[in-house]
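Architecture and fold: a report
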Amino acid sequence: MSKQITHYLKRMTATGYLLALIIFSGGAASARQTPLVSGTVKDSRGVTLPGVTVQANNADGKMSGRTSTNADGVFSFAALPTGTYSFTFSFVGFENTVLTGFAVDGSARVTVDAVLKESTTTLNQVVVTGYGSSSKSRITGAVTSVSAEELNRGVLTSPAQLLQGKVPGLNITRSGDPNSKGATILRGPSTLREGAQEPFYVIDGVPGASIDLLAPDDIASIDVLKDASSTAIYGSRAANGVIMVTTKKAKPGQSRISYSAYAATEEVSNRIEMLTGNELRAYLTANGKNLNLSDNNPGANTDWQKQVSRTGFSQNHNLSFNGNTNNTSYAASINYMDNEGIIKTSSLDRLILRASIEQKALNDRLKITLTGTNSLSNLQTVASDVFPNMLKYLPTVNVRQADGSYTENFSRGSYLNPVSLIESNTFKGKVKTFLGHGMAEASLFTGLKYTLSLSLQDEQLSNDQYLNRYSGLAVGAGGRGIRNTYNNRKKVLETYFNYDKSFGDLHDIKLLAGYSWQEDRNGDGFQSSNQGFVSDELSYSNLGLGNFGMIPNGYGSIGISTQRVISFYGRADYQFDNKYTLQASLRRDGSSNFGINNQWGLFPAVSAGWRIGQESFMKDLTYLNELKLRAGYGVSGNSQGFDAFTRLLIYGSGPTAKFYYNGQYINAIGPSQNENPDLKWERTAMTNVGLDIAVFNNRLSASIDVYDKKTSDLIWVYPVSTTQYFVNTLTANAGEISNKGVEIGINATPFRTDKFRWSTSVNFAHNKNNVESLSNDKFTLTSIPTAYLGGKGQSGNTSQVVTEGMPIGSFNTWRYAGKDSKGVTQIYKKDGSLTTAPTSADFVATGSAQPKLIYGWNNSFSYRNLDLNFFVRGVYGNKVLNATLAALNAPLDATTLNIPRFTLGESVADNNAYLISDRFIESGSYLRLDNATLGYTINTKLKSISRLRVYTSANNLFTITDYRGIDPEINIGGLTPGIDNNNYYPKTRSYIFGLNVIF
């Protein structure tokens, strides 16, 4: 622990030196010439406003200069021609303000202070959409925008977690593991394939860019496109929604340096209470049983959960520079994040370097932007066997024996010392990702703009494993080393035209036409392994020192694949009288992944909007600021989750496929995968109807969306006849999944005075998922059994099933019928009778992992310089299979495995206590106080610092739930959602202290 703290303090000290240097430099640079015209811009509460555009116009109405306020709300003009001036102040969310009659003659300094009033509508907010942007008043689809100020804060390892609980219909789950990205599902699962449920990310116009390339402090806003009328412009990649991320850029005239940092501690928020060594001995004695002598070290009372866990220290530092002067704007940032996991040795540290420059030329008719981002991540994980063994390993033995060796009993298979699993096995990885992006935007003539965008994302992944001679994962191997490295590369070309034209005051049109080319080359690498090392000293560093032995299969494989996608797309957007909007789009995608007969697909969309509040018959409703009706229909596709060779006939060789030739057994090569020339995209069609309303000077606003989402042509592996095909399975399209739901978002400002403000927002989302069909006229499948959890004679049993008429994540288990007269667990048979020897024929539907409701509630308070925020989120109506508790609930095994306190209520004779039945299918509903933050903005007298805020924050303060496991927030992604099965990294509670400084 002392080494960790020393290491942490050294890093913090180095950061302190850098901060002191910046402050000193800022102070030295503050000695500037007194400006000719300057002033301060504030809102109605007296809070200064950074980034306000200030335009100076002389008496004849011509603009003489433009600048923007700095981080302290101050602007200045160094030189203006002599004359009388008016100054126009404009800022998003506020009404334009014009101050007139200021005489400037160069002989005296002129002070112009302004107070801006908040706009009565937020529908002038700019929303980023596919290949462009639009005002919120013009949006016809379901789009949720989240500003940087509204994003989650805390110890987050992926920017995707910033949106957790903030967007109606977006369900994000994560564990305490720093190396786990969790799962992100928008408007319910709509595919059967693992890895194909994530939304599509677009960062500053770069489609498919990795979200992990961004530091949270570099994000300005995130726009979530939820319905198909909004996402169809991205065609075959948009079935799961599109998340548009916009990074921070300096406004005209702005130049600043900012630094933000936090330090945090994390601890296990909850644990399963297992018996102590003394409690286990007493339990066995009371029931006439004894431990083996080797399993009963005198005085041993080992808490294995405590032995493998720790208090984790985390830190994050972000330093950024940005400015915008005349025709050039620039931005650069460096972010360092170090997150120690609460399970010993698990960790993640990441360094992100980002720089961009934007240059205007040809009288602002040409703009060129160059951006480079480089991310370096080092991660360390632990063997998954740690998690079940930290619970079931006997507490009646010591970690080590008197001779220093680990307490082990390899004869029991997966029964392994959890401390040895951590200390005897090394699992390290590195991820290096570079994203280069260049964009040229040319204004050809009034209203017509041409954009050319080129990007390259290069990702290199390396994995290093070493299982030493004491490892229970490689018994007798004499040490086993495995190393692999591979490269993924994505190239994207986008070229498109935007034409915007207004005809008089009534007609406004926006047109888009473009072409896209993308190539993904994945898995370009190699792997090497060896075992039988003389010494463990070099670990995996020199595999050539091992004595080659047979390395078991299952240590990963790498295969090169290349996918190309070519697209043509267009969109037309027409608005009449600022009231009626009609939008239509069409994208044609061609992909090398699909069969020769279906390589091209069309993805159309149409939507409309009516601003009812702008009609003359609504004018008398003075309290109504906005009332808008939206409706849309579109089709998007899904091509994720399978490789580039799925459509092809593939030849391979199996372990038993050999033939005898010339005195030797030769590997036989034959067909291992059938060709499917008809393989095509899954298609998701969605209808969305929405209503937006704002009242009382925008103090209260709300949006409601109702949608019907249906995915057809599901991709799955179907059984086929070998009289027609080479092998007995074929990857093909068949089946349908539907999702129907309602989403509600409400924003309010109940109190707003010069000194005090309270704003609150709440969102709710209900979704009903259903598998409509798994078959068509060519391929037939009645059900897909899933979740083979195994354990004590249950290895052939499944716990979930995908079947028609039920949602994905439907549990299919035995039904618990209490205990018989001997205290043995009974199960209901299909006919309703009771048995203590059930079979899989007795399985019945026992609930669903899909939640009926997900919600989030955020509150922000400010009083003078003090601010307070707390955020509550949760889910309702879902089920979680507590397979962890079921597996531990084995009173008959108490002489060889530890048991939880729960088992004290079981009969010692119950040989069925561990059976997976609806007894262990529990409510997954919870309400969590996810974050509370208290901050204070310090009014410093240092000219070098324009803003300094310090804050303290806590994450996961408490959870209200009936769930008996570690945490009810279980992964909801993939084909087996809602299962807690012995490998769940514990949830954490974190305490944070941080600061934000703007120079």
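A look at the overall build of the protein chain
In terms of helices and strands, the protein chain carries 7 helices and 55 strands. Against the 2.2 N^0.38 benchmark of 30 Å for 999 residues, the protein chain shows a C-alpha radius of gyration of 31 Å, consistent with a compact globule. In terms of overall dimensions, the protein chain has C-alpha extents of about 100 × 65 × 65 Å along its principal axes. For the protein chain, with 999 residues in total, the buried portion stands at 52%. Surface accessibility of the protein chain: about 43,700 Å² in total, with carbon and sulfur atoms responsible for 55%. Of the side chains in the protein chain, 93 bear a positive and 80 a negative charge, and the two mean positions are spaced by 3 Å.

Details of the pattern of salt bridges
In total, this model carries 41 salt bridges according to the counting rule given. The salt bridge partner of Asp713 is Lys680, with a shortest N-O separation of 3.8 Å. In this pair, Asp713 sits in the loop between strand 36 (700-712) and strand 37 (715-719) while Lys680 sits in the loop between strand 34 (670-673) and strand 35 (682-695), placing the two residues 33 residues apart along the sequence. When salt bridges that share partners are traced, they join Arg873, Arg928, Asp930, Asp967, Glu969 and Lys987 into one network.

Describing the side chain of Ser229
Relative to the helices and strands, Ser229 is located in helix 2 (residues 228-231). Side-chain polar atoms of Ser229 contact the side chain of Asp227, separated by 2.4 Å. If we ignore the near neighbours within four places in the chain, the residues touching Ser229 are Gly141, Gln583, Ala605, Val606, Ser607, Gly632, Tyr633 and Gly634.

Concerning the side chain of Ser236
Note that Ser236 resides in the loop between helix 2 and strand 17 (242-247). Overall, Ser236 belongs to the buried group, its relative accessible area being 1%. Only 3.4 Å separates the side chain of Ser236 from the side chain of Trp681, close enough to count as a polar contact.

Focus: the packing of aromatic side chains
In the structure shown here, the tally under the stated rule is 27 aromatic pairs. Here the aromatic rings of Phe568 and Trp600 are separated by 6.4 Å at their centres, their planes lie at 25 degrees, and the arrangement is stacked. Linking Phe568 in strand 27 (residues 561-576) with Trp600 in strand 29 (residues 600-611), this pair joins segments that are 32 residues apart in sequence. Since its relative accessible area comes to 43%, Phe568 is described here as partly exposed. Against the face of Tyr406 rests Arg400, its NZ or CZ located 4.0 Å from the ring centre. Above the face of the Tyr415 ring, Arg412 is positioned so that its terminal group lies 4.8 Å from the ring centre.

Focus on the nonpolar core
Formed by 32 residues in total, the largest nonpolar core has its most connected members in Leu280, Val308 and Ile343. Mapped onto this core, the elements with two or more residues apiece are helix 3 (277-286), helix 4 (304-308), helix 5 (386-392) and helix 6 (418-423). The biggest single contributor to this core is helix 5, with 4 residues. Apart from residues lying up to four places away in sequence, Val308 is in contact with Ile342, Ile343, Lys344, Val386, Met390, Pro418, Val419 and Ile422. Membership of the second largest hydrophobic core comes to 23 residues, among which are Val146, Leu156, Val167 and Ile172.

Some details on the sheet that holds strand 54 (residues 979-980)
The 3 strands are arranged 51-50-54 in an open sheet whose pairing can be described as mixed. The sheet is open, and its two borders are formed by strand 51 (921-923) and strand 54, each paired with just one other strand. With 2 bridges connecting them, strand 50 (residues 879-882) and strand 54 associate as parallel partners. Bridged to Leu881 within strand 54 is Ile979.

Some remarks on the pairing of strand 5 (residues 83-90)
Here strand 2 (residues 53-58) pairs with strand 5 via 6 bridges, running antiparallel. Looking across to strand 5, one finds that Ala56 is bridged to Phe87. Strand direction decides the pairing type here: strand 5 and strand 6 (residues 97-104), joined by 6 bridges, are antiparallel. What sits directly across from Tyr85, in strand 6, is Phe102.

Comments concerning the environment of Gln518
In this structure, Gln518 sits in strand 26 (residues 507-531). Taking C-alpha positions, Gln518 is 42 Å from Arg989, a pair spaced 471 residues apart along the chain. Excluding anything up to four places from it in sequence, Gln518 contacts Arg237, Lys490, Lys491, Val492, Gln563, Arg564 and Val565. A polar contact is formed between the side chain of Gln518 and the side chain of Asp520, at a distance of 3.1 Å.

Considerations on the sheet that holds strand 46 (residues 834-835)
Pairing within the open sheet is antiparallel, and its 3 strands lie in the order 44-45-46. Each having just a single partner strand, strand 44 (815-819) and strand 46 make up the two edges of the open sheet. When strand 44 meets strand 45 (residues 825-828), the two strands line up antiparallel, connected through 3 bridges. Opposite Lys819, over in strand 45, you have Thr825 as the bridge partner.

Focus: the pairing of strand 25 (residues 480-503)
Here strand 24 (residues 448-467) pairs with strand 25 via 20 bridges, running antiparallel. Within the sheet, the bridge partner assigned to Leu454 lies in strand 25 and is Leu493. With 23 bridges joining them, strand 25 and strand 26 adopt antiparallel strand pairing. Looking across to strand 26, one finds that Asn484 is bridged to Gln527.

Structural notes on unusual backbone geometry
Phi is positive for Thr345, close to 75 degrees, though the residue is something other than glycine. Mapping Thr345 onto the fold places it in the loop between strand 20 (328-340) and strand 21 (347-361). By relative accessible area, Thr345 is classed as partly exposed at 27%. Its identity as a non-glycine residue notwithstanding, Asn956 has a phi of 55 degrees, on the positive side. With respect to the secondary-structure elements, Asn956 resides in strand 53 (residues 947-961).

Focus: the confidence of the model for the protein chain
As a note on interpretation, predicted positions should not be read in detail where pLDDT is low. Looking at the protein chain as a whole, the pLDDT averages 88, with 93% of positions reaching at least 70. Per-residue pLDDT stays below 50 along residues 1-33; that stretch engages in 26 contacts with residues further than four places along the chain or on separate chains.

Overview of a nonpolar patch on the surface
Together, Tyr580, Trp610, Phe617, Leu629, Val689, Leu691, Ile704 and Val706 give the surface a local cluster of nonpolar side chains, amounting to about 630 Å² of exposed area. For the nonpolar patch, the secondary structure elements donating two or more residues are strand 35 and strand 36. Tracing the backbone shows Phe617 in the loop between strand 29 and strand 30 (624-638). On the basis of relative accessible area, Phe617 is assigned to the exposed category, the value being 54%.

Criteria and thresholds
- Residues numbered from 1 in each chain as written.
- Predicted model: local features only at pLDDT ≥ 70, side-chain atom pairs only at ≥ 80, totals over all residues.
- Heavy atoms only, no water.
- Helix = DSSP H or I, 4+ residues; strand = E, 2+ residues; numbered from the N terminus.
- Rg over C-alpha atoms; globule rule 2.2 N^0.38 Å.
- Buried < 20%, exposed > 50% of the residue type's maximum accessible area, 1.4 Å probe, protein only.
- Areas by Shrake-Rupley, 256 points an atom, 1.4 Å probe, with all protein chains shown as cover.
- Lys, Arg positive; Asp, Glu negative; His and termini not counted.
- Charge placed at Lys NZ, Arg CZ, Asp CG, Glu CD.
- Salt bridge = Lys/Arg side-chain N within 4 Å of Asp/Glu carboxyl O.
- Polar contact = N/O pair within 3.5 Å; in protein donor to acceptor, adjacent residues only side chain to side chain.
- Contact = heavy atoms within 4.5 Å.
- Phe/Tyr/Trp six-rings, centres within 6.5 Å; stacked < 30°, edge-to-face > 60°.
- Lys NZ or Arg CZ within 6 Å of the ring centre and 35° of its normal.
- Core = buried A, V, L, I, M, F, W, Y, C linked by side-chain atoms within 4.5 Å.
- Pairing = 2+ DSSP bridges.
- pLDDT = per-residue confidence, 0-100.
- Patch = residues over 30% accessible without salt bridge, like charges linked within 9 Å, V, L, I, M, F, W, Y side chains within 5 Å.

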